[in-house]
Amino acid sequence: MNTVAANIRAADASAIADAAKILRDGGLVAFPTETVYGLGADATNDRAVAAIFAAKERPRFNPLIVHVADMEAAKRIVVFMPAARWLAERFWPGALSLLVSAGLDTVAVRVPDESIAQNLLAAAEVPIAAPSANASGEISPTTAEHVRQSLGDKVDLILDGGPTRLGLESTVIGFEHGKPVLLRPGSIPRVKIESVAGPLGHPAYDTISSPGQLASHYAPDAKVRLNALSAAPGEVLLAFGPATGATLNLSPKGDLEEAAANLFAMLRRLDAEEPRAIAVMPIPDHGLGEAINDRLRRAAAPRSLRA
Ligand code: TXA
Ligand code: MG
């Protein structure tokens, strides 16, 4: 596993069995979920979890999401308040991470809806802590190749399941005074959650309660210019909807799901061209547009605010 590409394997049964063994032995495995690729470790092994922070160069104050197979597995490690249980029953398996209690701590948990992730959880028989499988501050990976580019041989094994279905991270929900608050918009749009939970609150601003909310994150090397109508000289144009002069188009037919699935891979491809800037056309803010625009604002934020 020393050469750079040798640690990518198609996620067949034998690769998943090997991945499970690596996890149980305290190693790191990158694997696809329906949102983005995760960098997984045995959540019950402190040294393995520490290795995630080292590989990503992630600040220690930024906690990880714990992935479990189902509600029963979740209940073995955390305690659900009624509002959290209600949301879990409605949206799991799926792209929703819930902040729940684990002893004195608060832990984000989710049940992924992706068969490779589920098969890995079943084989490993441990909860898997997994942030997105990118170096801290970079764009999240939606293919195995993105993981290799970002983390290389810091990962013991990368399970290749092809491009992820949704392409944007999970929606993260916390609770204040028993009421759900939106900590990070994501693949499940606000309206879907509000249709069962009522209006979502805003997090209190005294602390950075969810560091995915840091100003600069999900950032390419190139500058990003938002709400562009055309490309200036030296720029590339990331379009949305019918457009002329597009270098790439998130969705020519103006479909937000398609745009979400394409966003990170297209930002990476445009970044590789080393343009003066990536000019991005306006994206409507409804539905998945809220999460897409959240990621684009962070990609465009000044790098002095980068974390
Ligand atoms: O879709 C996803 O959520 C992917 C896949 C792999 O599951 N994971 C992911 O993890 O995006 P990560 O670590 O890149 O982002 C997790 C977000 C961060 O903004 C983190 O700060 C927040 O969730 N978070 C995790 N645990 C938390 C906690 N205990 N309290 C507050 N925020 C938390
Ligand atoms: Mg991340």
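Heads up: the structure comes first, above all this text.
Notes on the structure follow. These numbers were taken from a predicted model, which means no experiment stands behind them. (Residues numbered from 1 in each chain as written. Chains lettered and ligands numbered in written order. Predicted model: local features only at pLDDT ≥ 70, side-chain atom pairs only at ≥ 80, totals over all residues. Heavy atoms only, no water.)

**Brief notes about empty space enclosed by the protein**
In plain terms, the rule: Each cavity reported here is a set of points on a 1 Å grid over the protein atoms alone in which a 1.4 Å probe fits but cannot get out, each pocket an open set with protein on both sides within 12 Å along at least five of seven lines, and each lining residue one with an atom within 4 Å of a point. Grid points are joined across faces, edges and corners, and a volume is the space filled by probe spheres set on the points. Each residue is assigned to one class: nonpolar for Ala, Val, Leu, Ile, Met, Phe, Trp, Tyr, Cys and Pro, charged for Asp, Glu, Lys and Arg, and polar for all the others, Gly among them.
If you walk through the whole model with that rule in mind, you get one cavity of 30 Å³ or more. In this structure, the largest cavity occupies an estimated 40 Å³ of space. Grouping the constituent residues of the lining of the largest cavity by class yields five nonpolar, three polar and two charged.

**Overview of the packing of helix 8 (residues 256-272) against helix 9 (residues 289-300)**
Operational definition: Angular values range over 0 to 180 degrees, each being the angle between N-to-C directions of two axes fitted as lines to C-alpha atoms, with helices fitted over their stretch in contact. What counts as a helix is a DSSP run of H or I of at least four residues, what counts as a strand is a run of E of at least two, and both are numbered from the N terminus. For classification, angles of less than 35 degrees are called roughly parallel, those exceeding 145 degrees roughly antiparallel, those between 65 and 115 degrees roughly perpendicular, and all remaining angles oblique. By definition, turning the near helix anticlockwise from the far helix through less than a right angle yields a left-handed crossing, and turning it clockwise yields a right-handed one. Note on contacts: a residue pair is in contact if any heavy atoms of the two residues lie within 4.5 Å.
It is at 9 Å that the axes of helix 8 and helix 9 come closest, and there the two elements cross at 20 degrees. Accordingly, the angle class assigned to the pair helix 8 and helix 9 is roughly parallel. In this structure, helix 8 crosses over helix 9, and the sense of that crossing is left-handed. From helix 8, Leu 256, Ala 259, Ala 260, Leu 263, Phe 264 and Leu 267 reach across to helix 9, where they touch Gly 289, Ile 292, Arg 295 and Leu 296. The residue inventory of the contact of helix 8 with helix 9, partitioned by class, reads eight nonpolar, one polar and one charged.

**Focus: the layout of surface pockets**
Taken as a whole, the second largest pocket spans an internal volume of roughly 440 Å³. Lining the second largest pocket are 19 residues, with Leu 166, Ser 187, Ile 188, Pro 189 and Lys 192 sitting closest to its centre. When contributions to the lining of the second largest pocket are tallied by element, the ones reaching two or more residues are helix 4 (82-91) and helix 8. Classifying every residue of the lining of the second largest pocket gives 10 nonpolar, three polar and six charged.

**Some remarks on the sheet that holds strand 4 (residues 65-67)**
Condition: A pair of strands counts as paired when DSSP detects no fewer than two bridges linking them.
With mixed pairing, 10 strands are arranged side by side in an open sheet as 1-8-2-3-7-4-6-5-9-10. One side of each edge strand has no neighbouring strand; the edge strands of this open sheet are strand 1 (8-10) and strand 10 (179-184). Across the sheet, helix 4 lies against strand 5 (96-102), strand 9 (171-176) and strand 10, angled at about 145 degrees from strand 5, the strand it touches most. Seen against the sheet, helix 5 (residues 115-124) touches strand 2 (29-32), strand 4, strand 7 (128-129) and strand 8 (157-160) and runs at an angle of roughly 140 degrees to strand 2.

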